[in-house]
Amino acid sequence: MLVGGWARIRGYLGRLSMYRLVLMALGILTLVALVLSFFGLVVPGPLELVVTIVVIFAVCVGANALVQRLLKMPIRHESSLITAAIMVFILRPTVVPLELLGIAFAGVAAVVSKYVIAWRGRHILNPAAVGAAVLTISGLGASAWWVGSPVLAAPVLILGLFVLVRTERLRIVATFFVIAVGVYVLRVAVQSQAAGFEFDAGQTLSFALWSSPFLFLGAFMLSEPLTLPPRRWQQMTVAAVVGVLAGWPISVGYFTLGQERALLIGNLLAFVWVAHRAVRLRLADARMITPSVRELTFEARRPVRFVAGQYLELDVPHAKADARGTRREFSIVSAPSDAPTVRVAYRVKPGAGAGSGSGSGESTFKKALAVASPGVDYSATGVWGDFLMPSNPNAPVLLVAAGIGITPFISQVREDRARGVERNVVLIYVASEASELAFRDELEASGIEVIVFTRDQPRDLPANWVWARGVRLDAEGLPRVVPDLSSRHAYVSGPPKLIAELAPALAQARTLTTDAFAGY
């Protein structure tokens, strides 16, 4: 029951884009704070909170629309709404006209920073943190981080967990939180001893856990993908640096290096690793490779630096974008050795193939891609991921792909073949029908063992392919088709719901690495 319930939660979250989920979570948190303000349980009163919300949202949305119009970009508001919602909780709500003017100035600075402090289609610094820092440095006001309140701790924790599970940033933010709390307790202990005060460890720890802004900073700001580096060890490093600086603020002249500026330093560190990741891609070809899978081939204007198994985020600007926005993540199908060619693939619904542009129920993103013509340039805002094969080529592996989840594995087997690397690989390929087995030729050329799970029997299977007729892909069926499961490193790529359902079966593997993806 627990696994099934968790699978349903992850499946539901997987149907929401990251940006939409963050906006929903911040919206709920804002409503909770507003209700609490009527009872005097949070710092701002209801009038202060409402007036500040109106001002910051109006300024951020208006400034964003103006900048996008000046730059002749499609107007989209989702990012500016998220920035505004975050700033509500880190600035001091007020009804004083001069202070509201400072808040408006911070909102403009936050929005403008997305376009001015940017590199090849992605902003370098967290916009809300920029706004808060500019407000403090200008002397027009100061950040308050009033979200660090015991009564808001539980809502922030619950809503933040949903966001972190969806974005798979839970371990990164947990690392930041543990370090920030630990450093904070150490700082108070050292400063208390130096001042001759009695140190209360329990009270200090309680404050750090429930009355500090660490939870909010980690869940809704540090976790932003566009300001994180591509590899997990790099992300952990950034989390540790921000945790230390947040837990022990450093004074620089008249200013204290607090929460927002700690995050900005982490953003700059991350930029060192991502500066060469954003790239322009020109669409060279688009074709249907199965009845429901479409492949896009791009030519990069400069080499794309990635490792087989990673994914890129593609920005497809289009008019009247739906709530899911204009950016999506795609596992890279091509191998690094295929450069400058870059291929990705994605599922479409029946009747929504290339050039149709009007598939029933399709997102505006997919519709925009469906009518895209060769020669059009797009921006890949970065490359991320740790879904990588073991560094030891002698380690036996099990690959489990559901539908379009086959894409990162194609990149990996192509790269191994190009480099002359031989691995002991078994691939379980799950598809609705035999006709939906994409990239058959490339898998056959790789020579790996493939076990097919489809409703109908595939025809003309290669010698090293087997149709798992009548076998269920569960804790009992998996060892039947992969007897040496316990000796293999397992990799699973597919929808979050499937990954959660397969987790008990794959617990028998030596290690388990997952690559969950949502629909587009």
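Residues numbered from 1 in each chain as written. Predicted model: local features only at pLDDT ≥ 70, side-chain atom pairs only at ≥ 80, totals over all residues. Heavy atoms only, no water.

**Topic: the overall build of the chain**
Inference 1: Check the secondary structure of the chain and you find 17 helices and 16 strands.
Inference 2: The burial tally for the chain puts 54% of its 520 residues in the buried class.
Inference 3: Of the contacts made within the chain by residues no fewer than 6 positions apart, 69% connect residues no fewer than 24 positions apart.
Inference 4: When the accessible surface of the chain is split by element, carbon and sulfur atoms take 61% of a total near 22600 Å². (Helix = DSSP H or I, 4+ residues; strand = E, 2+ residues; numbered from the N terminus. Buried < 20%, exposed > 50% of the residue type's maximum accessible area, 1.4 Å probe, protein only. Contact = heavy atoms within 4.5 Å. Areas by Shrake-Rupley, 256 points an atom, 1.4 Å probe, with all protein chains shown as cover.)

**Topic: the packing of helix H5 (residues 97-116) against helix H6 (residues 127-138)**
Inference 1: Running from amino to carboxyl end, H5 crosses H6 at an angle of 135 degrees, the nearest separation of the two axes being 7 Å. Classified by the angle between their axes, H5 and H6 sit oblique to one another. Between H5 and H6 the crossing geometry is right-handed. Where H5 approaches H6, its residues Gly102, Ile103, Phe105, Ala106, Ala109, Ala110, Ser113 and Lys114 are matched on the opposing element by Pro127, Ala128, Val130, Gly131, Val134, Leu135 and Ser138.
Inference 2: Here the contact of H5 with H6 is built from residues that sort into 10 nonpolar, four polar and one charged. (Axes fitted to C-alpha atoms, helices over the stretch in contact; angles between N-to-C directions. Parallel < 35°, antiparallel > 145°, perpendicular 65-115°, else oblique. Left-handed = near helix turned anticlockwise from the far one by under 90°. Nonpolar A, V, L, I, M, F, W, Y, C, P; charged D, E, K, R; others polar.)

**Things to note about the pairing of strand S8 (residues 327-331)**
The side chains of a regular strand alternate between the sheet's two faces.
Inference 1: Counting buried residues along S8, four of its five residues qualify, which places the element largely inside the surrounding structure.
Inference 2: Two strands pair when backbone bridges link them, and strand S7 (residues 311-315) and S8 are joined in this way by five bridges, in the antiparallel orientation. Directly across from Tyr311, in S8, lies its bridge partner Ser331. (Pairing = 2+ DSSP bridges.)

**Quick look at the packing of aromatic side chains**
Inference 1: One pass over the full model with this rule turns up 13 aromatic pairs.
Inference 2: Ring centres of Tyr184 and Phe207 lie 5.9 Å apart, and the angle between their planes is 25 degrees; on these two criteria the pair is classed as stacked. Here Tyr184, found in helix H8 (residues 170-195), pairs with Phe207, found in helix H9 (residues 201-210); they are 23 residues apart in sequence, far enough to count as distant.
Inference 3: Seen from their ring centres, Phe387 and Tyr491 are 5.6 Å apart, and the 80 degrees between their planes marks the pair as edge-to-face. Taken together, the positions of Phe387 in the loop between strand S10 (377-384) and strand S11 (397-402) and Tyr491 in strand S15 (residues 489-494) put the pair 104 residues apart, joining distant regions of the chain. Considered together, Phe387 and Tyr491 belong to a single accessibility category, that of buried residues. (Phe/Tyr/Trp six-rings, centres within 6.5 Å; stacked < 30°, edge-to-face > 60°.)

**A closer look at a nonpolar patch on the surface**
Inference 1: Nonpolar side chains collect at one region of the surface, where Leu157, Ile158, Leu161, Phe162, Leu170 and Trp210 lie side by side and expose about 520 Å² of accessible area between them.
Inference 2: With four residues, helix H7 (residues 150-167) is the largest single contributor of residues to the nonpolar patch.
Inference 3: Assignment of secondary structure puts Leu161 in helix H7. (Patch = residues over 30% accessible without salt bridge, like charges linked within 9 Å, V, L, I, M, F, W, Y side chains within 5 Å. Salt bridge = Lys/Arg side-chain N within 4 Å of Asp/Glu carboxyl O.)

**Considerations on the packing of H7 against helix H10 (residues 214-222)**
Inference 1: Where H7 contacts H10, the axes come no closer than 9 Å and their chain directions differ by 25 degrees. As judged from the angle between their axes, H7 and H10 are roughly parallel. Between H7 and H10 the crossing geometry is left-handed. On H10, the residues touching Ala153, Val156, Leu157, Leu159, Gly160, Val163 and Leu164 of H7 are Leu215, Phe216, Ala219 and Phe220.
Inference 2: In the contact of H7 with H10, the residues fall into 10 nonpolar, one polar and no charged.

**Comments concerning the pattern of salt bridges**
Inference 1: In total, this model carries 13 salt bridges according to the counting rule given.
Inference 2: Across the salt bridge formed by Glu260 and Arg261, the nearest N and O atoms sit 2.6 Å from each other.
Inference 3: Judged by its relative accessible area of 1%, Glu260 is buried.
Inference 4: Since its relative accessible area comes to 13%, Arg261 is described here as buried.
Inference 5: Salt-bridge contacts for Arg455 lead to Glu433; the nearest nitrogen and oxygen are separated by 3.9 Å. With Arg455 in the loop between strand S13 (449-453) and strand S14 (465-467) and Glu433 in the loop between strand S12 (425-430) and helix H15 (440-446), this residue pair connects regions lying 22 residues apart in the sequence.
Inference 6: You can call Arg455 exposed: its relative accessible area is 66%.

**Some remarks on the pairing of S7**
Inference 1: Most of S7 is tucked away: five of the five residues are buried.
Inference 2: Looking at chain direction, S7 and S10 are connected through five bridges and run antiparallel. Within the sheet, the bridge partner assigned to Leu314 lies in S10 and is Ala380.

**Description of the environment of Thr94**
Inference 1: With respect to the helices and strands, Thr94 occurs in the loop between helix H4 (78-90) and H5.
Inference 2: Using a relative accessible area of 4% as the deciding quantity, one classes Thr94 as buried.
Inference 3: In sequence terms Thr94 and Gly45 are 49 residues apart; their C-alpha atoms lie 8.7 Å from each other.
Inference 4: Not counting residues within four places of it along the chain, the set of residues in contact with Thr94 comprises Glu48, Val51, Thr52, Glu99, Leu100 and Ile103.
Inference 5: Of the polar contacts made by the side chain of Thr94, one reaches the backbone nitrogen of Val96; its length is 3.0 Å. (Polar contact = N/O pair within 3.5 Å; in protein donor to acceptor, adjacent residues only side chain to side chain.)

**Some points on the side chain of Gln234**
Inference 1: Structurally, the position occupied by Gln234 is in helix H11 (residues 232-247).
Inference 2: Engagement of the side chain of Gln234 in a polar contact is seen with the backbone nitrogen of Arg231, the distance being 3.1 Å.
Inference 3: Among all residues touching Gln234, those that are not within four sequence positions of it are Pro229 and Trp273.

**Things to note about H8**
Inference 1: Here H8 is 26 residues long and its end C-alpha atoms lie 37 Å apart, about the 38 Å a rise of 1.5 Å per residue gives.
Inference 2: Looking at H8, one finds that the buried residues are Ile172, Val173, Phe176, Phe177, Ala180, Val181, Val183, Tyr184, Val185, Arg187, Val188 and Ser192.
Inference 3: Looking at the packing, one finds that the buried side of H8 touches H7, H9, H10 and H11.
Inference 4: Taken from the residues just after H8, Gly196 is the one with a positive phi, measuring 80 degrees. (Expected span 1.5 Å × (residues − 1).)

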